[in-house]
Amino acid sequence: MESKETIATYFQRYERGFPQAGQVAAYRIEEVPTPAQFPFVRHDFYKIKLLCGAQGTLRYADKQVPIEGCALVFVNPLIPFAWERTGGSETGFACLFTEEFITGQLRTASVAGSPLFRAGGTPVLFLPPAAEARLRGLFELVLVELQSTYAHKYELLRNYLQIILHESLKLTDNVPAVRHTAATQLSARFLELLDRQFPLASPQQPVVLRNANEFAQHLAVHTNHLNKAVQTTTGRSTTAHIAERLAEEAKALLRHSNWSVTDIGHALGFGHASNFNSFFRRHVGQPPQQYRRQPLVHS
């Protein structure tokens, strides 16, 4: 599996440590300055960024958006993003969180399936002053809570994150429709169909679509056509997306359910426990039983 930048290595790239560098982190952008050109980098986390004060171009999938004034940017680990600054200097906030951090109501709401994050959605919102003020206040609450010793701080952080998403979704009602290429539209339909299969509710209701051929048949296109569209717009193969989503669901079930390892493998479409064990070890780096025994650490 290709290497991915974690939250911890993200901060190391700027040659500084960060106390909250596990499943969730947040910071003021001016405190972690970014280079003028930010190349395509593969992440294993989502990012919500309130970006103000700079002019430049954001590139994602096969699109590019000029940025000026204050913008809210939503970065999905499945879709490549790059940033090139042409003027000014960045200020604002950023919140980073992993798939494992998405639990409970936030998980059920499906962050990846939101129009804010999915391919073909609305990953950039330009903010009126009132919305900018509200969101700045919410990001400040996130920063304060990350430093607190409150026993349920991570549940509170999830609630703040959910409010940020809802405040953002309200703004999409006034966003004009964007014309997308056929490849982007097909890729978005594939990613939405993939994400819609999760979370799994029961071992008796396994995933239905597990490979590129099955997705292509469901989408009424040739497999080669689907593969080319997904590779072009996301920079990764259809098979890589499917495997990563299966691995992430396996990790979530091992952490947050009492299903047996055999039941989890069956629900994810593996006919034999040995096949699931090999898959999980290949994509996560350890057997599922060992992963389940590890304590859940947030930072």
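Residues numbered from 1 in each chain as written. Predicted model: local features only at pLDDT ≥ 70, side-chain atom pairs only at ≥ 80, totals over all residues. Heavy atoms only, no water.

## Regarding the pairing of strand S5 (residues 71-75)
Working note: regular strand, side chains alternate between the two faces of the sheet. Across the five residues of S5, five count as buried, placing the element largely inside the fold. As paired elements, strand S3 (residues 45-60) and S5 share five bridges and run antiparallel to each other. Bridging from a neighbouring strand, leucine 51 pairs with alanine 71 of S5. Both S5 and strand S7 (residues 124-126) contribute to a ladder of three bridges, which runs antiparallel. Along S7, the bridge assignment pairs valine 73 with valine 124. (Buried < 20%, exposed > 50% of the residue type's maximum accessible area, 1.4 Å probe, protein only. Helix = DSSP H or I, 4+ residues; strand = E, 2+ residues; numbered from the N terminus. Pairing = 2+ DSSP bridges.)

## Describing the pattern of salt bridges
The tally for this structure, following the rule as stated, stands at eleven salt bridges. Salt-bridge contacts for arginine 245 lead to aspartate 195; the nearest nitrogen and oxygen are separated by 3.4 Å. Here arginine 245 is found in helix H8 (residues 238-256), whereas its partner aspartate 195 is found in helix H5 (residues 182-196), with 50 residues between them in sequence. For the pair shown, arginine 245 and aspartate 195 are each scored as buried. Between arginine 245 and glutamate 249 there is a salt bridge; the shortest N-O distance is 3.8 Å. Separated by four residues within a single helix, arginine 245 and glutamate 249 lie in helix H8, roughly one turn from each other. An identical accessibility class is assigned to arginine 245 and glutamate 249; each is buried. In the salt-bridge network here, residues are joined through shared partners; they are Arg134, Glu167 and Lys170. (Salt bridge = Lys/Arg side-chain N within 4 Å of Asp/Glu carboxyl O.)

## Some remarks on the state of the cysteines
Applying the stated criterion across every chain, the model contains one disulfide. Here cysteine 52 is linked by a disulfide to cysteine 70, with a sulfur-sulfur distance of 1.8 Å. Since a negative S-S torsion denotes a left-handed disulfide, the cysteine 52-cysteine 70 link at about 110° is right-handed. Taken as a pair, cysteine 52 in strand S3 and cysteine 70 in the loop between strand S4 (63-67) and S5 lie far apart in primary sequence, 18 residues in all. For the pair shown, cysteine 52 and cysteine 70 are each scored as buried. (Disulfide = S-S within 2.5 Å.)

## Section: the packing of aromatic side chains
Under the defined criterion, the tally for this structure stands at seven aromatic pairs. On the basis of an interplanar angle of 15° and a centroid distance of 5.5 Å, the ring pair of tyrosine 46 and phenylalanine 97 is categorised as stacked. Of the two residues, tyrosine 46 sits in strand S3 while phenylalanine 97 sits in strand S6 (residues 81-98), which places them 51 residues apart along the sequence. Like tyrosine 46, the residue phenylalanine 97 is buried in the burial classification. Look at phenylalanine 93 and phenylalanine 139: their rings are 5.6 Å apart centre to centre, the planes differ by 10°, and that puts the pair in the stacked class. Separated by 46 residues along the polypeptide, phenylalanine 93 in strand S6 and phenylalanine 139 in helix H3 (residues 129-146) bring together distant segments of the chain. By way of ring pairs, the aromatic residues Phe270, Phe276, Phe279, Phe280 and Tyr291 are connected into one cluster. Positioned over the ring face of tyrosine 291 is arginine 255, at 4.4 Å from the centre of the ring. (Phe/Tyr/Trp six-rings, centres within 6.5 Å; stacked < 30°, edge-to-face > 60°. Lys NZ or Arg CZ within 6 Å of the ring centre and 35° of its normal.)

Read these as spatial facts, not as claims about activity.
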